[in-house]
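What the coordinates show
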2 protein chains.
Amino acid sequence: MDRTDGRRRVVIEGLKPLVDGGRFPIKRIIGDTVVVEADVFADGHDQIEARLLLRAESAAEWAEVPMQALGNDRWRAEFQVRELGRCRYTIEGWIDRFGTWRADLVKRLEAGQDVSVDLLIGAALIEDAAGRAPGPESERLRAWARQLREPADPAARGALALALDETLGQLALAHPDRSLATRCDVEAAVVVDRLRARYSTWYEVFPRSCAEPGRHGTFRDCEARLPYISAMGFDVLYFPPIHPIGRAFRKGRNNTVSAQVDDVGSPWAIGAEEGGHTAIHPELGSLEEFRRLVGRARDVGLEVALDIAFQCAPDHPWVRDHPEWFRRRPDGAIQYAENPPKKYQDIYPLDFETPDWPALWKALRDVMGFWIEQGVRIFRVDNPHTKPFGFWEWALTDLKARYPDVLFLSEAFTRPRVMHRLAKLGFSQSYTYFTWRNTKAELTEYFTELTTTDAQEYFRPNLWPNTPDILPEFLQTGGRPAFAIRLVLAATLGANYGIYGPAYELGENLPYQPGSEEYLDSEKYEIKQRDLAAPDSLHDLIARLNAARHDNPALQRDDTLRFHEIDNPMLLCYTKSTADLGNVIVAVVSLDPDNAQGGWVELASGELGGAADQPLEVADVVSGGRHAWQGPRTYVEVGPPYPARIYVLRRQ
Amino acid sequence: MDRTDGRRRVVIEGLKPLVDGGRFPIKRIIGDTVVVEADVFADGHDQIEARLLLRAESAAEWAEVPMQALGNDRWRAEFQVRELGRCRYTIEGWIDRFGTWRADLVKRLEAGQDVSVDLLIGAALIEDAAGRAPGPESERLRAWARQLREPADPAARGALALALDETLGQLALAHPDRSLATRCDVEAAVVVDRLRARYSTWYEVFPRSCAEPGRHGTFRDCEARLPYISAMGFDVLYFPPIHPIGRAFRKGRNNTVSAQVDDVGSPWAIGAEEGGHTAIHPELGSLEEFRRLVGRARDVGLEVALDIAFQCAPDHPWVRDHPEWFRRRPDGAIQYAENPPKKYQDIYPLDFETPDWPALWKALRDVMGFWIEQGVRIFRVDNPHTKPFGFWEWALTDLKARYPDVLFLSEAFTRPRVMHRLAKLGFSQSYTYFTWRNTKAELTEYFTELTTTDAQEYFRPNLWPNTPDILPEFLQTGGRPAFAIRLVLAATLGANYGIYGPAYELGENLPYQPGSEEYLDSEKYEIKQRDLAAPDSLHDLIARLNAARHDNPALQRDDTLRFHEIDNPMLLCYTKSTADLGNVIVAVVSLDPDNAQGGWVELASGELGGAADQPLEVADVVSGGRHAWQGPRTYVEVGPPYPARIYVLRRQ
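To keep things clear, this report deals only with the structure shown in the data block. (Residues numbered from 1 in each chain as written. Chains lettered and ligands numbered in written order. Predicted model: local features only at pLDDT ≥ 70, side-chain atom pairs only at ≥ 80, totals over all residues. Heavy atoms only, no water.)

1. Looking at the packing of aromatic side chains
Inspection of every chain in the model, using the stated rule, returns 70 aromatic pairs over all chains. Plain terms: the ring middles of Phe98 of chain B and Trp101 of chain B are 5.6 Å apart, the flat faces sit at 40° to each other, and that makes the pair tilted. With Phe98 of chain B and Trp101 of chain B both in helix H1 (residues 97-110), this residue pair falls three residues apart, about one helical turn. For the pair shown, Phe98 of chain B and Trp101 of chain B are each scored as buried. Each member of the aromatic cluster is reached from another via a ring pair, and the members are Phe310, Phe352, Trp357, Trp361, Phe379, Phe391, Trp392, Trp394, Phe408 and Phe427 of chain A. Lying across the ring of Phe434 of chain A, Arg486 of chain A places its NZ or CZ 4.1 Å from the centre. (Phe/Tyr/Trp six-rings, centres within 6.5 Å; stacked < 30°, edge-to-face > 60°. Helix = DSSP H or I, 4+ residues; strand = E, 2+ residues; numbered from the N terminus. Buried < 20%, exposed > 50% of the residue type's maximum accessible area, 1.4 Å probe, protein only. Lys NZ or Arg CZ within 6 Å of the ring centre and 35° of its normal.)

2. Description of the environment of Gly6 of chain A
The residue Gly6 of chain A is located in the segment before strand S1 (10-16) in this model. For the pair Gly6 of chain A and Leu164 of chain A, spaced 158 residues apart in the sequence, the C-alpha separation amounts to 32 Å. In this structure, Gly6 of chain A is in contact with Trp357, Trp361 and Pro388 of chain B, ignoring residues within four places of it in sequence. (Contact = heavy atoms within 4.5 Å.)

3. Description of the side chain of Asn568 of chain B
Residues and elements named next belong to chain B. Tracing the backbone through its elements, the reader meets Asn568 in the loop between strand S23 (562-564) and strand S24 (571-577). Given a relative accessible area of 9%, Asn568 falls into the buried group. Beyond its immediate sequence surroundings of up to four residues, Asn568 is in contact with Lys440, Gln597, Gly598 and Gly599.

4. Digging into the sheet that holds strand S3 (residues 33-42) of chain A
Sheets are built from strands paired through backbone hydrogen bonds, the pairs being either parallel or antiparallel. All names here are of chain A. The sheet built from four strands is open, its strands ordered S1-S3-S7-S6 with antiparallel pairing. Only two strands of the sheet have a single partner each, and these edge strands are S1 and strand S6 (68-71). Here the strands of the sheet are splayed against their neighbours by 35° on average, with no regard to which way each runs. Across five bridges, the pairing between S1 and S3 is antiparallel. (Pairing = 2+ DSSP bridges. Axes fitted to C-alpha atoms, helices over the stretch in contact; angles between N-to-C directions.)

5. Structural notes on the relation of the copies chain A and chain B
Between chain A and chain B, which share one sequence, the superposing operator has a rotation angle of 180° and an axial displacement of 0.0 Å; the RMSD is 0.1 Å. Accordingly, the operation relating the two chain copies is best matched by a two-fold axis. Minimal C-alpha distance to the rotation axis in chain A is attained by Gly21 of chain A, lying at 3.3 Å. Take the interface residues of chain A: 100% of them recur as interface residues in chain B, which is what a same-surface contact looks like. (Least-squares fit on C-alpha atoms with pLDDT ≥ 70 in both.)

6. What to know about empty space enclosed by the protein
Residue and element names in this part refer to chain B. All told, the structure shown has seven cavities of 30 Å³ or more when counted by the stated rule. Of the voids in this model, the largest cavity is the one considered here, and its volume is about 140 Å³. Arg97, Phe98, Arg132, Pro176 and Asp177 are the residues nearest the centre of the largest cavity, which is lined by 15 residues in total. For the lining of the largest cavity, the secondary structure elements donating two or more residues are strand S8 (85-95), H1, helix H2 (116-132) and helix H5 (166-173). Counting residues per element, the lining of the largest cavity draws most heavily on H2, which supplies four residues. The class makeup of the residues in the lining of the largest cavity is eight nonpolar, one polar and six charged. (1 Å grid on protein atoms, 1.4 Å probe; cavity = no way out; pocket = protein on both sides within 12 Å on 5 of 7 lines; lining within 4 Å. Points joined across faces, edges and corners; volume = space filled by probe spheres on them. Nonpolar A, V, L, I, M, F, W, Y, C, P; charged D, E, K, R; others polar.)

7. With respect to unusual backbone geometry
Omega for the bond connecting Lys16 of chain A with Pro17 of chain A falls within 30 degrees of zero, at 0°, which places this linkage in the cis form. Among the secondary structure elements, Pro17 of chain A is positioned in the loop between S1 and strand S2 (26-29). Here the amide bond leading from Pro340 of chain A into Pro341 of chain A is cis, since omega sits at 5°, within 30 degrees of zero. Among the structural elements, Pro341 of chain A can be located in the loop between strand S15 (337-339) and strand S16 (342-344). The backbone of Asn383 of chain A shows a phi angle near 45°, a positive value even though the residue is not glycine. Its place among the elements puts Asn383 of chain A in the loop between strand S18 (378-382) and helix H10 (389-402). A positive phi is found at Asp73 of chain B, a non-glycine position, where the angle reads about 70°. Tracing the sequence through the fold places Asp73 of chain B in the loop between strand S6 (68-71) and strand S7 (74-80).

Pasting the structure below:
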């Protein structure tokens, strides 16, 4: 198409959805409908036609969907994404000569004008269309043009009815002259993921802690733990790094600088003489045992997710084999990790500014490729914001082109622009500030931003109330009710959420020291075995919440989240629903771990998909209790031990 | 710059200001400051530096302005536009190695760490900088690096003070390593116009009506009219087409199909045997007389603006010389203009889909070029929305590259997207819907949209209460007060406005028929001579308003327009100010032509640039009366015959 031909009169502007003008793809789940809009218009008064063009990234040919005019030059079409991977969409528009002629003819007829010349003009347009139509259709159009040129009685109504024949008209419209069509400047992209990208329930566990006391846990021990985890309704089982742990500068318990002989070290200090990022820590088991665990987990509905932490212990094989991938100090030593004045002598960062960067990029990509080949399809990426954006965009795009079902969770707890860039460039899910958003105002503002702005086109939040690195202050001080509050919020505000267990369900809440978010006796540096049957465990609540998530598609998406008025600053009220309002959840959550709280909710039945002013029956998805939802103003009371009402609406 | 080098770690996003992602330029007036912002950031914790890059469109080299970090990864710089024409701006960012090293060094020192290796690292960075610095600076940097490598006493405070030397540090920062810098994807453009693009006061007059009764007016007669127009304070004198008027199918008085022998025809039916778009209607005078008029007008502060109407009467020379520029009907006739069922047999539209379009485009551009060479620098373009957008973008860009002081007013009264596209692609000013916006809600909404959205980057409104085509209903029924109301609104809501005179100042308000917006006995089809000294003329009010515009820079811009509460639906209150609040205008305008209206205005002295709670003195720019502005709530009464208070604040 010669875009410089000055006779292309149609212009196309304002294509949506679009991330950064098309620089990055939007994201959807398989089966989703993508609604595309644009301003399409031309000079003058001619009618125009617009079509949405679609193709898989690798396909050469575009499929087409007619667009509908919404008025005010805005056009719309929609399509359903049916295959994993990346697909492209753009828009083409052109002057609809035949349609213009036909509409004008009607106006002339209504004004009683002589249209004999107009019939000749129409005949010529129809002949042009015939030239673009296949055999039989071409013949029908040519015959029609002949009849218009030489009507039996030009003045007769019959000739005019012939000119306006609807069936023949559709045939002419189906073969428009697109030689001067305009193609939109942007070929937008959509990345289509499986449902788990939007809806997932993560459980993080240290495999080495899965054995009975006194023994280093193995993959076999993890197999034995699967029923416990599965019973709580999780679907992603995420392991911290499972690779050999460095011995040089190994950290001791509570992050002490010098380890004791029996200290196990941090799994994030990756690499030792046994191998690096594609090896397995010998005490955990073999690669074959790992693959077996992956399969056993899948059998009970759990997908194993691995940690990708691109950094090396000093004894990582790459330090020897690829010294060019590390920065050397003037004293000859390899530069260890620092965030001045903090020093991390047990970690060597990779030098992404090495002249050998292409080989480094490939090696890192191939680490992920290796684990994909072992059956892993989900990765939690450690600190992606300390590696170049360009690397991630290249590596994730490359891997998803080959394995479109692979998902990546970005563990970037950093500044908003950086977190959003990582989400745009290819991460499927992102850690969020939820971990530190506690008040009604904070939660309302943050989740409104995530779910109602352009961010929802690319940023899929994954909510974590705790991680091995982060025991938030709210959990340190609020006891079991605080753990229940944060759990309910994570499980219902976020279609994706996760906990670091068993620390979470057992309510472990001792910080390393006052003011610190680090755990005392952190599992990062030692094996921790617990009594999973402790009576205070949140095990049952977790199971009920996850079952509710499983049963209610409204909780499997974030885009319909809406907050509602409730006249108590310690209570949060929000709804989630399916697009057709067939499933609606009303959550009233107390933010107070200490006291019962009540408040009036303003929420009309109509907003909930019921008939306006009709009482609705609601069922608490956790307690199972049923109540009538009385009119637009309803009083709700919640309090310890169970801090929320999560109602699902029952149709009458 | 090799953009694919994976070591470029900085990313640049969210550049502003930008129209449609940089597809179109922003607009500014010479002397304006452009504030540019972007998100600039990198992975990790390194410090970065960002610079704004600037160049004239034709220049090869970029000038640079350092950007300031605003926090949250947002950076800002500003520049002043000092030359007419188009200039480019973009952003470059890079890792600031030296700055990172220096900041880290401070942290290490504060933590009492040994920094001997760090001094060596710094010395190497400084040597690198020396390699990029010119002779003497290079020498100073090298000497500094040597001192850091071999300090007299490494442990002494002196060595550390040397490492943190501010002057030498600035020298190193001035020669950064930009080999891995990132350039923003977009090279944005700004079109810089002279002040008249933003602030102009138009008077439209038919030259042929400027003689005494019974005679066809000439350019000489226009010269005699100049003092009258100039005294009212106008600065643009706009003539309908001055070209030979077609004789074939000439329209008679009141747009009748067949003209009488003495009918003068419509000036928009351009072209006859005497010539086309570069010829002058013989009865008006010669080209030389036209040029003389342009000069005389300039002497009294008036710029002559011509009408560009790209359409042809059937006897236009192009019909004979360039039949390929017109569409032919199957009956052999040339296709006349139509908007079915309406037919305009006196007008042949140009066929922009002709295969000869490049020649047609050049000919049309050269029409404008011809008049530019005669001294015309402002054009009012008739119906630009019925010619291809691509043509205007090419022609206007080409002409403004050669004549950057030329301005184009788009007379597109059509759908919003079309009007905005024309503004984006190069028209300096645009007609608006003001002509039909009468109520408080309509005016508030429309002007808020024009002055507070992205539209203000490219769309400069020009407000017309009437045109030869449009006598709005409000003027037909409201008498002299209605004319005064619409005049005041146009002159104060719009930094650009115009009237079609003398019809306006004389209050001509008879429609062709009830429900029509056409004038009875329209000047488009006949010569109209009036008594300019009529006692009811708005001449004096116009002069006072235009003087106020001239004296108050707040009225010469639209971007500071703000509407304020006033508790009467028939009263509109708004302010305009200079950026420094040195000049503030408070307008209270009645929309009621029949009755006096009063209301309480809510407007604190602080908002007006005064000290909060201090009374201000205000002067009515029209009546000259002075009043005290009492506190935030002030009662204002206005009513016929003078429908507004236009206050300028007086500093105490």
